[in-house]
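Residues per chain, in single letters:
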Amino acid sequence: MADDIPVEPDVQIVNVVATVKLGQDINLRKILEKIPQAEYDPRRFPGLVYRLDRPRTAILIFGSGNMVITGAKTESAVKQAVNKLIKQFEEKGILTGVKPEVKIENVVASGNLKGYIDLEGAAYELEFTIYEPEEFPGLIYRMDDPNVVILLFSSGKIVCTGARSEEEVYRAVKKLQKKLIDAGLIEYS
């Protein structure tokens, strides 16, 4: 069994999705009046879309006080976006005394294991896989600990989704890489 990883994987977080509960209703029309760059067309979508440049995120805001934040690259960027939004809304008189409840729902990452992966062997060796090369060129691997889904491509490229933290992403990638090395399913040049 390989104890050392011969090549460090290259992994980048590409999206962190979080939900936020404010615990109070929000008047979406009032947001639109006071923040004209917000987008709201209730005939097309029941939520208001509010975009921040820093951190670069899109926030869906619903009248119930629930929000969905997407586009952040880190968990801390999610918290920055929430704090910035709350501060702006309090300054404009839209909200008062809010204690937001933030929950990370999905961390998506792309990466490269920097080696050639034998997908047919991986489909046989790893549990909980789907590999139908006629339909899709990648192997879909459902890992149970951490609970993530990883798409593997023969080039060594991967996409990890379903993690609840950045740490889970890195742990899943290392675990996958070790399994591939131990089973002789990845070849480094």
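Above this note sits the structure.
Residues numbered from 1 in each chain as written. Predicted model: local features only at pLDDT ≥ 70, side-chain atom pairs only at ≥ 80, totals over all residues. Heavy atoms only, no water.

**Some thoughts on the pattern of salt bridges**
Part 1 of the reasoning: Throughout the structure, instances matching the rule amount to seven salt bridges.
Part 2 of the reasoning: For Arg-51, the salt bridge identified is with Glu-39, shortest N-O distance 3.1 Å. With Arg-51 in strand E2 (residues 48-52) and Glu-39 in the loop between helix H1 (28-34) and E2, this pair connects stretches of sequence that are 12 residues apart.
Part 3 of the reasoning: Between Asp-182 and Lys-178 there is a salt bridge, with its nearest N and O atoms 2.9 Å apart. Taken together, the residues span about one helical turn, with Asp-182 and Lys-178 both in helix H4 (residues 166-182) at a distance of four residues.
Part 4 of the reasoning: Residue Asp-182 is classed as partly exposed on the basis of its relative accessible area, which comes to 32%. (Salt bridge = Lys/Arg side-chain N within 4 Å of Asp/Glu carboxyl O. Helix = DSSP H or I, 4+ residues; strand = E, 2+ residues; numbered from the N terminus. Buried < 20%, exposed > 50% of the residue type's maximum accessible area, 1.4 Å probe, protein only.)

**Concerning the nonpolar core**
Part 1 of the reasoning: Ranked by size, the top nonpolar core spans 54 residues in total, and within it Ile-31, Ile-61, Leu-152, Leu-176 and Leu-180 carry the most contacts.
Part 2 of the reasoning: Sorting elements by how many residues they give to this core places helix H2 (residues 75-91) first, with seven residues. (Core = buried A, V, L, I, M, F, W, Y, C linked by side-chain atoms within 4.5 Å.)

**Concerning unusual backbone geometry**
Part 1 of the reasoning: The peptide bond linking Arg-54 to Pro-55 adopts the cis configuration, its omega dihedral lying at -10°.
Part 2 of the reasoning: Of note, the amide linkage connecting Asp-145 to Pro-146 takes the cis form, showing an omega dihedral of 0°.
Part 3 of the reasoning: With respect to the helices, strands and loops of the structure, Pro-146 is situated in the loop between strand E8 (139-144) and strand E9 (147-152).
Part 4 of the reasoning: Despite not being glycine, Lys-114 shows a phi value in the positive range, around 60°.
Part 5 of the reasoning: Note on placement: Lys-114 falls in the loop between strand E5 (101-112) and strand E6 (116-117).
Part 6 of the reasoning: Given the relative accessible area of 43%, Lys-114 is considered partly exposed.
Part 7 of the reasoning: Even without being glycine, Phe-128 reaches a positive phi, approximately 60°.
Part 8 of the reasoning: Tracing the backbone through its elements, the reader meets Phe-128 in the loop between helix H3 (119-125) and strand E7 (129-130).

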